Amino acid sequence: MSRRSLTLLIASVGTAVAIAVSVLVPVPYVILGPGPTLNTLGKDSAGHPLITISGHPVYPTNGHLNLVTVSYQGCAGNRFNIFTALVAWLNPHQAVVPEGEICPAGQTQKQTQEQDTQEMTSSQQTATAAALTQLHIPYSTEVVVVLPERGFPAYGVLKAGDVITAVDGQPVTGPASLTKLISAHPPGSTLTLTITRSGQSHQVQVGTRESGGHPVMGVQITQEYKFPFQVTISVGDIGGPSAGMMFALGIIDKLSRLSLTSGRFIAGTGEITASGQVQPIGGIQQKMIGARNAGATIFLTPAANCADAKGAVPAGLRLVKVSTLNQAVTYLEALKAGKSVPSC
């Protein structure tokens with residue numbers, strides 16, 4: 001075989017190997033694209049309202065207050081090759097990001113979706129709390145035990161599901177107040193906790209120990225809300241916390257005579273706190289595209305996402321910058337009156 005033929009053979013084999021590796025070896029990235037968008041004032045595909053309120057008067061609504069989502073492809077068990085990544089990178093409606101930004105190490109796409117579903121459930125409760133706070137409708141909170149930690153004083157004394165209502169006779173109104181009441185005593189103290197277990201009130205003695213420079217009982221807790229009426233939100237298998245603000249606005253629109261949309265197609269995104277703070281989210285560019293494709297003309301944008309949104313706003317979509325739920329309500333009212341509002 002001539003040197004030229006040998007060189008061509010080696011080059012061909014090398015090229016074939018490189019192509020095979022590119023096709024067969026997955027890359028650690030995730031492709032983001034526009035996902036489903038749902039009207040929080042409307043109904044799902046089965047004809048059921050996304051938001052159902054019972055035990056309190058509700059008012060007619062119109063227009064759209066759409067939540068928006070991001071679809072993604074990737075994570076362990078669903079990876080793709082470099083060619084798929086390049087095609088997505090060239091698509092202006094998609095983004096390619098490192099896998100670690102979406103899926104924790106070793107977590108499959110299914111596991112990530114299950115986690116997103118749990119976050120969605122939590123965000124619905126928080127959105128209801130934020131809406132009622134905005135409307136000055138009182139509600140209460142409970143501190144519920146999730147898991148006593150082995151090796152700490154609470155282990156074997158407190159159980160999952162216990163509601164902690166008082167420490168040494170002082171009422172517990174939330175996680176912050178519980179921490180404050182525990183920190184009022186030095187490590188090694190014994191506290192008298194009033195708890196509700198299986199509907200019955202009990203008093204138990206729980207010690208504390210030092211951890212991270214603070215006295216702790218060694219228990220994981222969560223905050224749950226007790227609302228004066230029932231708010232049910234149903235969105236199927238859509239997950240994540242980023243629809244919180246739109247849920248809150250949908251609840252406000254149903255519980256009041258405000259008519260926030262005035263018949264317009266409004267979409268938006270943003271995680272919400274019970275006090276009404278609007279927090280930034282991921283995938284803002286894909287969410288704007290999904291909103292505009294669905295027909296939205298106004299997009300409520302978390303202030304902290306404005307830098308990412310600039311330069312990628314679809315034609316015909318007007319951004320409204322918000323930092324709080326109160327601002328979102330105020331600016332929607334201003335838009336109805338033809339007044340100017342902040343934009344990104």
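Quick summary incoming for the structure in this document.

## Section: unusual backbone geometry
For residues that are not glycine, phi is negative in most cases, and the peptide bond is trans in most cases. Phi is positive for Asp168, close to 50°, though the residue is something other than glycine. Relative to the assigned elements, Asp168 resides in the loop between β6 (163-167) and β7 (170-171). A residue is classified by how much of its surface remains accessible, and Asp168, at 35% relative accessible area, is partly exposed. With a phi angle near 50°, Ser259 is a residue other than glycine that sits in the positive phi range. Within the secondary structure, Ser259 sits in the loop between α5 (244-255) and β14 (265-268).

## Details of the nonpolar core
Of all hydrophobic cores here, the largest spans 45 residues; its most connected members are Met245 and Leu249. Counting residues per element, this core draws most heavily on α5, at eight residues. Those residues within four positions of Met245 in sequence are excluded, and the remaining contacts are Thr269, Gly270, Ile272, Val278, Leu300, Val322, Leu325 and Ala328. Membership of the second largest hydrophobic core comes to 17 residues, among which are Ala154, Val172, Ile195 and Val219.

## Focus: the pattern of salt bridges
This model, assessed by the stated rule, comprises two salt bridges. A salt bridge links Asp162 to Arg197, with the nearest nitrogen and oxygen atoms 2.7 Å apart. Of the two residues, Asp162 is situated in the loop between β5 (140-148) and β6 and Arg197 in strand β8 (residues 190-197); the sequence distance between them amounts to 35 residues. Asp162 sits in the buried class, given a relative accessible area of 1%. For Glu333, the salt bridge identified is with Lys336, shortest N-O distance 2.9 Å. Within this pair, Glu333 and its partner Lys336 are both found in helix α8 (residues 325-336), separated by three residues, close to a single helical turn. For Glu333, a relative accessible area of 28% corresponds to the partly exposed category.

Thresholds applied
Residues numbered from 1 in each chain as written. Predicted model: local features only at pLDDT ≥ 70, side-chain atom pairs only at ≥ 80, totals over all residues. Heavy atoms only, no water. Helix = DSSP H or I, 4+ residues; strand = E, 2+ residues; numbered from the N terminus. Buried < 20%, exposed > 50% of the residue type's maximum accessible area, 1.4 Å probe, protein only. Core = buried A, V, L, I, M, F, W, Y, C linked by side-chain atoms within 4.5 Å. Contact = heavy atoms within 4.5 Å. Salt bridge = Lys/Arg side-chain N within 4 Å of Asp/Glu carboxyl O.

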